[in-house]
Each structure stands twice: as structure tokens, then as C-alpha cells.
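# Analysis of the macromolecular model
These are the residues of each chain, in order.
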Amino acid sequence: MGNHAANLQQVSGDPQPSARVVAITSGKGGVGKTNIAANLALSMAATQRILLLDADMSLGNLDLILNIRSKYNISHVLNGYKRIEDIIQAGPRDMRVICGASGLHELADINEYDQQRLIQHLSGLQNDTDVILVDTAAGIANPVVSFCLAADHVLVVTTPEASAMTDAYGMIKVLVRKGNPGPISIVVNMAHSVAEGKRTYQRLADVTGRFLQAKLYYAGTLLKDDRLCRAVRARTPVVLAYPQSQIASSFSALAARLGGIACERNNQNTFFRRVIRWLS
Ligand SMILES: Nc1ncnc2c1ncn2[C@@H]1O[C@H](COP(=O)(O)OP(=O)(O)OP(=O)(O)O)[C@@H](O)[C@H]1O
Ligand SMILES: [Mg+2]
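For the structure given in this document, a descriptive report is provided here. Residue positions are given per chain, counted from 1 along the sequence in the order it is written. Following the order in which they are written, the chains are lettered starting with A and the ligands numbered starting with 1. With pLDDT at 70 or above as the cut-off, local features in this predicted model cover only qualifying residues; side-chain atom pairs require 80 or more to be listed or tallied, and sums for whole chains, interfaces and linings still use all residues.

## Things to note about the packing of helix 6 (residues 142–150) against helix 12 (residues 271–279)
Close contact between helix 6 and helix 12 brings their axes to 8 Å; oriented N to C, the two are set at 140°. In this view, helix 6 runs oblique relative to helix 12, as classed from their interaxial angle. Crossing angle aside, the handedness with which helix 6 passes helix 12 is right-handed. Residues Pro 143, Ser 146, Phe 147, Leu 149 and Ala 150 of helix 6 touch helix 12, and the partners they reach there are Phe 271, Arg 274, Val 275, Trp 278 and Leu 279. In this classification, the charged set is Asp, Glu, Lys and Arg, the nonpolar set is Ala, Val, Leu, Ile, Met, Phe, Trp, Tyr, Cys and Pro, and all remaining amino acids, among them Gly, are polar. Residues belonging to the contact of helix 6 with helix 12 are distributed by class as follows: eight nonpolar, one polar and one charged. Throughout, an axis means a line fitted to C-alpha atoms (over the contacting stretch in the case of helices), and angles, computed between N-to-C directions, take values from 0 to 180 degrees. Segments assigned H or I by DSSP are reported as helices when at least four residues long, segments assigned E as strands when at least two residues long, and all are numbered from the N terminus. Geometric relationships in this document are graded by angle, where less than 35 degrees denotes roughly parallel, more than 145 denotes roughly antiparallel, 65 to 115 denotes roughly perpendicular, and other angles denote oblique. With the far helix as reference, a near helix turned anticlockwise by less than a right angle produces a left-handed crossing, and one turned clockwise produces a right-handed crossing. Contact between two residues is assigned when their C-beta atoms, built from the backbone, lie within 7 Å.

Here's what the structure looks like:
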């Protein structure tokens, strides 16, 4: 960061952000975002400090997959009943989890003073974290798009199904048109083979290049695997339930590949301040 940007940050009072923020999203629902968020977070947590945010406004179910009780969320912090520290849950492998980040969208509606105070507290979380993973809801609703635009890197999940690909393209189109600043990567889930996953990526990359003049990165393919469904029923992420399985290795490969995709950190503001800006 240049001196000028650092000075601006000091003036605005935000701590200098260090974490890279990856938003996980999709056009169509039910394509595997929440499972990918949980298992990718765990794969990354082997070597990095991870904060996982459940930003699904309606049916956030990260707590179910991780078997974490979450009584409080950001709304309780906004109401003054709880402190930020009280809503952070301890997940496996020392990762930290905020289950109710959905309350964040209310931040846009509160008075300026409380807003600034909360943003500063939240932004502090970015300092002792290497990667913040954000699990969003599906679809192009404003809050979902805001979380994506505020992130450093967007991971769009699709399956090889035509309807999932069409909706993924719809999401990519909105992000590109709104000037999404960072890389957009594709993960193909529930594929029958890696070749099918790569073909799915290539088709999306071709239309995105041709009609939107934008680049898509290939993050990886995850095969359809009944072990993942069994793990969901057992409320244990599949990388912990079946650590030797092929799908667990695919999650490690996905973590490595994402880490290798260069992204310019948007250091002008912290992630949380950017979310509020996009929401307002
Ligand atoms: N690789 C996979 N193999 C087999 N089944 C899978 C796989 N990935 C996801 N599923 C199935 O899809 C279901 C939905 O997954 P998940 O809740 O992660 O999707 P989502 O995209 O977060 O959904 P929503 O849009 O509702 O938030 C899982 O419970 C599981 O049954
Ligand atoms: Mg989900």
C-alpha cells in the first residue's frame, strides 16, 4: 500500500486490513455453496487463520453443517445486547465462525455514529485473520451482490446442469456490469467427472469472454459424492468425516488453487466498510 493510502486509512480510523476476503456465491440455489464454504474453510485452516461468515439472509445453515449453536448474530450487536466477541463461535481447526452475518445489511439503516463504531469493531476482525470466507445466498439480490463486490475474490459455484450454468452466467453478468474489482473464479460442483467440470467452466468462460469481455478463472471441480450427503446428515463437514476421500483431496486442491490466483487487495477501505457502501 502506498503511503497516501495508509495515511487515508489512519485518518478514517480503520485498522489496516490484512485478510483476503473470498465471497462464495451462485446464481441458482442448492448448488453446494454452504458445503463448499465450510469444507474449503477447513482445508485452508490447516495453514491459515480463517474467519467464516454466514451472510445468507434467509436460510443460513452453516451452523447446521458445522454443528455449531448460534444464539446471537450481528443484529444483537446492533441492538447493543451483545459485543462482537460474543457472536464469534469457535469452529474446528481453530477457525472462527460468525453465523449471523446476515444482520450486516441492517448496518446500512442505523445512525452514522453507531455505524462507524460497529464498522471499526468488525474491521478489527480483519487484522488477525488471513482469509475471510463469506457464504452468501443464491441469486442476484442486492445484499448478495454487495457482499461479492466488497470481496477481493468471488467464487461462483455452478453444477454442469444447464439451468445452474445460465443462472451462474446471470450472476457473473451483474458483477461485471457493476464493476466487480477482483477476480471471478468458477468451481463446478456435483460433476460426474473432472472432464465434465472443465467443459462446464470452459463454456462459461467462453460466453463471459465473448459477451462481457471478462476473464473467469478455473478454481476446480468437485465430483458428486454420496459421502458429502452422509456427512451433512451426520452434521460433520466431509473433510473431517472422510479425510482420506477423493472429495477431501479435491477441497485441498481447491484451497491451493484459490491461494494461487493473484488478487489485488482492495486496501482503500476494509471489507466491512465496503459492504456498507455497496448496500447503501
Ligand atoms: N459434491 C456433492 N455431492 C453430492 N451432493 C452434494 C454435493 N454438494 C452438495 N450436495 C448436496 O446439495 C445439498 C445442498 O448443498 P448446500 O446447502 O451446500 O447448497 P447451497 O448452494 O448452499 O444452497 P442454498 O442456495 O440453499 O444456500 C447438500 O445438502 C447435499 O445434499
Ligand atoms: Mg447455502
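## A few points about the nonpolar core
Core analysis: the biggest nonpolar cluster contains 81 residues, and Ala 23, Ala 41, Leu 52, Leu 133, Val 134 and Ala 151 have the highest contact counts within it. Excluding residues that lie within four positions of it along the chain, Leu 52 makes contacts with Ala 37, Ala 41, Leu 62, Gly 91, Met 95, Val 97 and Leu 133. In plain words, the nonpolar core is the set of buried Ala, Val, Leu, Ile, Met, Phe, Trp, Tyr and Cys residues that C-beta atoms within 7 Å link up. Three classes are used. A residue is buried when 20 or more other C-beta atoms lie within 10 Å of its own, exposed when 12 or fewer do, and partly exposed in between, with C-beta atoms placed from the backbone.

## As for helix 8 (residues 194–212)
Expected span of a helix, by definition, is 1.5 Å for each gap between consecutive residues, and there is one gap fewer than residues. An ideal rise of 1.5 Å per residue puts 27 Å on 19 residues; helix 8 measures up with 26 Å between its terminal C-alpha atoms. Residues Gly 197, Thr 200, Tyr 201, Leu 204 and Thr 208 constitute the buried set of helix 8. One side of helix 8 holds all its buried residues, which, seen down the axis, span an arc of 95°. Across helix 8 from its buried face, at more than 90 degrees, point the exposed residues Ala 195, Gln 202, Asp 206, Gly 209 and Arg 210. Remark: Gln 213 follows helix 8 within two positions and exhibits a positive phi of approximately 50°. For this quantity, the arc is that covered by the directions from the helix axis to the C-beta atoms.

## Considering the packing of helix 7 (residues 162–177) against helix 8
With their axes 11 Å apart at the nearest point, helix 7 and helix 8 run at an angle of 40° to one another. The chirality of how helix 7 crosses helix 8 is right-handed. Within the contact between the two elements, helix 7 uses Met 165, Ala 168, Tyr 169, Ile 172, Lys 173 and Val 176 and helix 8 uses Thr 200, Arg 203, Leu 204, Val 207, Thr 208 and Leu 212. By residue class, the composition of the contact of helix 7 with helix 8 is eight nonpolar, two polar and two charged.

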